[in-house]
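A look at the structure
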Amino acid sequence: MTPAARVQAAIEILDEVISGAVAGGAPADRIVSAYFKTRRYAGSKDRRAVRELVYSAIRVCGEVPKTGRAAMMRLVEEDASLSVLFDGSTHGPAVIEADERPARAGVAPDWLIARLQSSGLDDAEMAALMDRAPLDIRLNAKHAQRHTFEFPVEVEWLTLPNARRLPSGTPVEQWDAYKDGLIEVQDLGSQLISLISGAYATFLTIDLCAGAGGKTLAMACERTHSGRIVASDTDRRRLSRLMPRAKRAGVADSVETRLLDPGKELEALSDLKGQADFVLVDAPCSGTGTWRRKPEAKWRLTPDRLDRFAKTQDYLLDLAAELTRPNGVIGFVTCSLLDEEGKDRVEAFLKRHPEWKAEPYLQFPIGRQHGQGLRLTPYHDGTDGFFVAMLGSS
């Protein structure tokens with residue numbers, strides 16, 4: 001592909017991404033993958049270059065662009081060298097006309113900017129949400145020899161004992177160390193939350209929204225005692241990935257999975273009601289803290305959808321309270337930086353359940369207190385954005 005053809009390909013992909021964002025279609029990564037499956041002539045360098053153009057254009061556009069061309073023209077405003085590639089060639093984009101207008105620049109749609117600001121994020125914090133995410137891994141404490149493990153690439157030691165940062169794009173999943181369960185891909189912030197949670201995860205732990213089990217595995221690998229972790233979720237596809245990962249990590253004996261029926265979660269967990277020492281509620285949310293990885297998610301969120309997430313979070317917290325034994329603890333986590341999905345949910349829960357209280361925090365090398373919880377941000381901590389609070393019953 002010529003450089004101009006790469007730009008045109010990015011425009012075509014962006015048109016699909018915009019349509020998907022508005023209509024609730026496929027995410028950008030799947031759209032990019034599907035685009036190239038039907039264009040076998042495109043080499044690996046072409047695919048990387050087009051993908052870079054697509055995500056760079058998404059990052060610099062605030063409101064949802066009208067077209068992929070408008071989004072790419074906004075990128076031209078940021079990088080003038082791209083303007084010559086609008087050359088009208090056979091496979092390239094048409095020349096930019098004088099009356100054409102690029103998409104609006106910005107971090108996110110205006111209504112979301114206002115919500116982020118009201119949640120305490122300044123311009124620098126918001127700009128960092130559009131950076132590129134690093135590649136963090138966690139060494140398996142049960143098997144990896146943390147001081148002797150040799151990496152085939154340059155590695156940065158992070159603030160947590162088993163956390164390492166690798167160059168972006170490192171093919172970790174091809175390494176023997178990954179296949180043998182010595183390492184797992186996990187953001188530094190997620191590792192910290194798993195470490196905090198592990199301090200409360202004693203005899204019986206329920207990971208209520210386990211997904212593919214990243215935090216379940218981290219808690220299981222850090223255990224120095226026997227105990228049981230019940231990992232549950234309503235998503236069959238994601239949950240099915242957990243046990244193969246647990247076997248690879250050598251912790252399958254301490255983990256079990258339960259598929260939940262939405263709205264009937266307590267039925268599947270009825271035998272555990274009032275028994276859990278710790279319930280982790282890593283709740284579904286807007287994902288504003290993960291925009292570095294999924295920047296087009298800023299175009300998918302609406303005020304109504306945000307309200308629905310908040311109601312789901314309230315529901316899950318109330319469910320967790322039923323599952324927790326007296327003097328047990330709930331860990332509430334969202335990968336969001338909006339107070340509607342963090343601080344406000346904790347305050348609402350404590351009003352509904354006056355017998356509960358927020359647990360005090362120890363000092364950690366990253367994160368800052370926010371409301372009655374802890375907040376992690378890309379700008380301040382170099383992690384995905386998270387809110388976490390530990391809630392104890394009397």
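Residues numbered from 1 in each chain as written. Predicted model: local features only at pLDDT ≥ 70, side-chain atom pairs only at ≥ 80, totals over all residues. Heavy atoms only, no water.

This part is about the domain arrangement of the protein. By the assigned domains, the protein splits into domain 1 (3–106), domain 2 (135–185) and domain 3 (190–393). On a C-alpha basis, the centroid separation for the pair domain 2 and domain 3 is 24 Å. On the side of domain 3, 18 residues touch domain 2, which itself brings 17 residues to the contact. Interface area for domain 2 against domain 3, summed over the two sides, is near 1,400 Å², with a carbon-plus-sulfur share of 48%. Three residues, Arg138, Lys142 and Leu160, lead the burial of domain 2 against domain 3; their summed loss comes to 40% of the area buried on that side. Our enumeration of links across domain 2 and domain 3 arrives at two salt bridges. (Domains from an automatic or database assignment. Contact = heavy atoms within 4.5 Å. Buried area = accessible area lost by both parts, 1.4 Å probe. Salt bridge = Lys/Arg side-chain N within 4 Å of Asp/Glu carboxyl O.)

Once that is clear, we can look at the sheet that holds strand β4 (residues 183–185). Sheet strands line up and pair through hydrogen bonds in the backbone, either parallel or antiparallel. The strand order β2-β3-β1-β4 describes an open sheet built from four strands, whose pairing is antiparallel. Two strands close off the open sheet at either side, each with one partner strand: β2 (156–157) and β4. Packed onto the sheet, helix α8 (residues 188–198) meets β1 (135–139) and β3 (163–166) and runs at close to 30° relative to β1. (Pairing = 2+ DSSP bridges. Helix = DSSP H or I, 4+ residues; strand = E, 2+ residues; numbered from the N terminus. Axes fitted to C-alpha atoms, helices over the stretch in contact; angles between N-to-C directions.)

Another aspect to go through is the nonpolar core. The biggest cluster of nonpolar side chains holds 34 residues, and the ones touching the most others in it are Ile13, Val54 and Met72. Elements that contribute at least two residues to this core include exactly α1 (3–23), α2 (28–37), α3 (44–60) and α4 (68–78). Here the element with the most residues in this core is α1; it accounts for nine residues. In this view, Ile13 contacts Ile31, Val32, Tyr35, Phe36, Val50 and Val54; residues no more than four positions away in its chain are not counted. (Core = buried A, V, L, I, M, F, W, Y, C linked by side-chain atoms within 4.5 Å. Buried < 20%, exposed > 50% of the residue type's maximum accessible area, 1.4 Å probe, protein only.)

We now examine the packing of aromatic side chains. Tallying each qualifying case throughout the model produces five aromatic pairs. Seen from their ring centres, Tyr200 and Phe278 are 6.0 Å apart, and the 15° between their planes marks the pair as stacked. On the criterion of sequence distance, the pair formed by Tyr200 in the loop between α8 and β5 (204–207) and Phe278 in strand β8 (residues 276–282) is long-range, its members being 78 residues apart. Where Phe332 meets Phe387, the ring centres are 6.5 Å apart and the plane angle is 65°; that geometry is what we call edge-to-face. You can see Phe332 sitting in strand β9 (residues 324–334) and its partner Phe387 sitting in strand β13 (residues 386–393), a full 55 residues away along the chain. Comparing Phe332 with Phe387 shows no difference in burial state: the two are buried. One Lys or Arg, Arg39, reaches over the ring of Tyr35 and ends 3.6 Å from the middle of that ring. (Phe/Tyr/Trp six-rings, centres within 6.5 Å; stacked < 30°, edge-to-face > 60°. Lys NZ or Arg CZ within 6 Å of the ring centre and 35° of its normal.)

A contiguous patch of positive charge, built from Arg30, Arg237, Arg238, Arg241 and Lys294, is present on the exposed surface. Structurally, the position occupied by Lys294 is in the loop between β8 and α13 (297–300). (Patch = residues over 30% accessible without salt bridge, like charges linked within 9 Å, V, L, I, M, F, W, Y side chains within 5 Å. Areas by Shrake-Rupley, 256 points an atom, 1.4 Å probe, with all protein chains shown as cover. Lys, Arg positive; Asp, Glu negative; His and termini not counted. Charge placed at Lys NZ, Arg CZ, Asp CG, Glu CD.)

Our focus in this paragraph is the pattern of salt bridges. Within this structure, the stated rule accounts for 28 salt bridges. Its salt-bridge partner being Glu184, residue Arg248 comes within 2.8 Å of it at the nearest N-O pair. Placement of the pair is Arg248 in helix α11 (residues 242–249) and Glu184 in strand β4, with a sequence separation of 64 residues. Ionic pairing is found between Asp277 and Arg325, a salt bridge with its closest N-O pair at 2.6 Å. Remark: Arg325 occurs in strand β9 and Asp277 occurs in strand β8; sequence separation between them is 48 residues. Of the residues examined, Asp277 reaches a relative accessible area of 10% and is grouped as buried.

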